[in-house]
Amino acid sequence: MTTPEDAPSAADGATPPEPAPAATAAAPSAAVPAAPPHSRRAVEQTLEYLARELLQDRRAERRWRIFFRLAWFGLVCASLWLLLSQRMHPGGPTGPHTALVELRGEIAVDTEASAEQLLAGLKQAFEDSGAQGVVIRINSPGGSPVQAGIVHDEIRRLKAKHQKKVYAVVEEMCASGAYYIAVAADEIYVDKASLVGSIGVLMDGFGFTGLMDKLGVERRLLTAGENKGMLDPFSPQNARHKAYAQAMIDQIHRQFVTVVKQGRGERLKEAPETFSGLFWNGEEAVRLGLADHFGNLDHVAREVIKAEEVIDYTPKENVAERLAKRFGAAIGEGAVRTLSTLGRIH
């Protein structure tokens, strides 16, 4: 233990310790050391490499996208070329055979049973010198009287021009517009249970005025021409418009009756209900003179036409047509984009 007496004094010649410097209010900021030159070069090289790789990926992606678009475009073009070449250069002459054209489904524009489709097959069948006769195999509930009338008239013209007989063979159903076409044939063959007839015309629709009244909906219709809103389903039925529409379909019905009488001639055993819109099974149809005999396609080819080989002339939707319908718009758009970007590839 040191006592005050033991502490050194100035008189003893010792130097007293210097006082500690006072603390400052803030410590001086540390200086940031400069990055070495080789570190900056490494960062720049890395960024340059990443940018170069990204650019190459973008270019590769764009090239593949263009490649696939051009591939689809080429496939569609090749398919269309094959389709057109087949239609422009049909097969060579064939031996004796029975020519078949199918009539299936609703008769309407843009269907398999449209006049355009049916006539394409019928013309080819009639023009083939090997076709000993033409069979129209029918399974249809009818449809457009316009489309049916076009086919009916063309069948009669082709029969007169090529001097070939036409046979209608009914499977499940031959009603309304389908029967309109069938009566252009020289003979109609049915199964005992086939449905035949329905010689009539209809125009249907709905009226929503009662429902609109319940919902509090008001119909606001402006027309230029007093009959422009005729048969509008959202307006009350007009007696004069109804009478006009009825007269119109009555006239079409009379046209239908005339065609049936002309086609069936004396074979038709007319009864009060013949043209009423009713349909019958095949057995009754034969009894009433709406059909001629019982038989199917094979029977007619073998026993009637005497040419057992059957060649189908029905136009078929092939791969090219399906591709054109399904991808046509997309491929066209892709082709435009491709052509517009070809000049920008570096």
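So, here is what we can say about the structure in this document. In this text the structure is predicted, and so the values were computed from the model without any measurement.

### Here's the deal with the pattern of salt bridges
Tallying each qualifying case throughout the model produces 17 salt bridges. In this structure, the salt-bridge partner of Lys261 is Glu270, at a minimum N-O distance of 3.7 Å. Owing to a relative accessible area of 39%, Lys261 belongs among the partly exposed residues under this scheme. By sharing partners, the salt bridges in this structure join Glu102, Arg104, Arg137 and Glu171 into a single network.

### A look at the packing of aromatic side chains
Given two aromatic rings, their pairing is described by the distance between the two centres and the angle made by the two planes. The full count for this structure, using the stated rule, is 7 aromatic pairs. On the numbers, 6.4 Å between centres and 35° between planes, the contact of Phe206 with Phe208 is tilted. By way of ring pairs, the aromatic residues Trp64, Phe67 and Phe68 are connected into one cluster.

### Some thoughts on the packing of helix H2 (residues 115-127) against helix H3 (residues 145-162)
It is the contact of H2 with H3, at a shortest axis distance of 10 Å, that shows an interaxial angle of 10°. Compared by their axis directions, H2 and H3 come out roughly parallel. Residue-level contacts link Ala115, Leu118, Leu119, Leu122, Lys123, Phe126 and Glu127 of H2 to Gln147, Ile150, Val151, Glu154, Ile155, Arg157, Leu158, Lys159 and His162 of H3.

### Things to note about the pairing of strand E1 (residues 97-104)
Both faces of the sheet carry side chains from a regular strand, because those side chains alternate between them. Burial runs high along E1: 7 of the 8 residues are buried. Taken together, the 8 bridges between E1 and strand E2 (residues 131-140) define a ladder with parallel strand orientation. Bridge pairing in E2 links Leu103 to Ile138. In this structure, E1 lies alongside strand E8 (residues 310-312), joined through 3 bridges in parallel fashion. From the neighbouring strand, Thr98 faces E8, where its bridge partner is Val310.

Reading guide: rules and limits
Residues numbered from 1 in each chain as written. Predicted model: local features only at pLDDT ≥ 70, side-chain atom pairs only at ≥ 80, totals over all residues. Heavy atoms only, no water. Salt bridge = Lys/Arg side-chain N within 4 Å of Asp/Glu carboxyl O. Buried < 20%, exposed > 50% of the residue type's maximum accessible area, 1.4 Å probe, protein only. Phe/Tyr/Trp six-rings, centres within 6.5 Å; stacked < 30°, edge-to-face > 60°. Axes fitted to C-alpha atoms, helices over the stretch in contact; angles between N-to-C directions. Helix = DSSP H or I, 4+ residues; strand = E, 2+ residues; numbered from the N terminus. Parallel < 35°, antiparallel > 145°, perpendicular 65-115°, else oblique. Contact = heavy atoms within 4.5 Å. Pairing = 2+ DSSP bridges.

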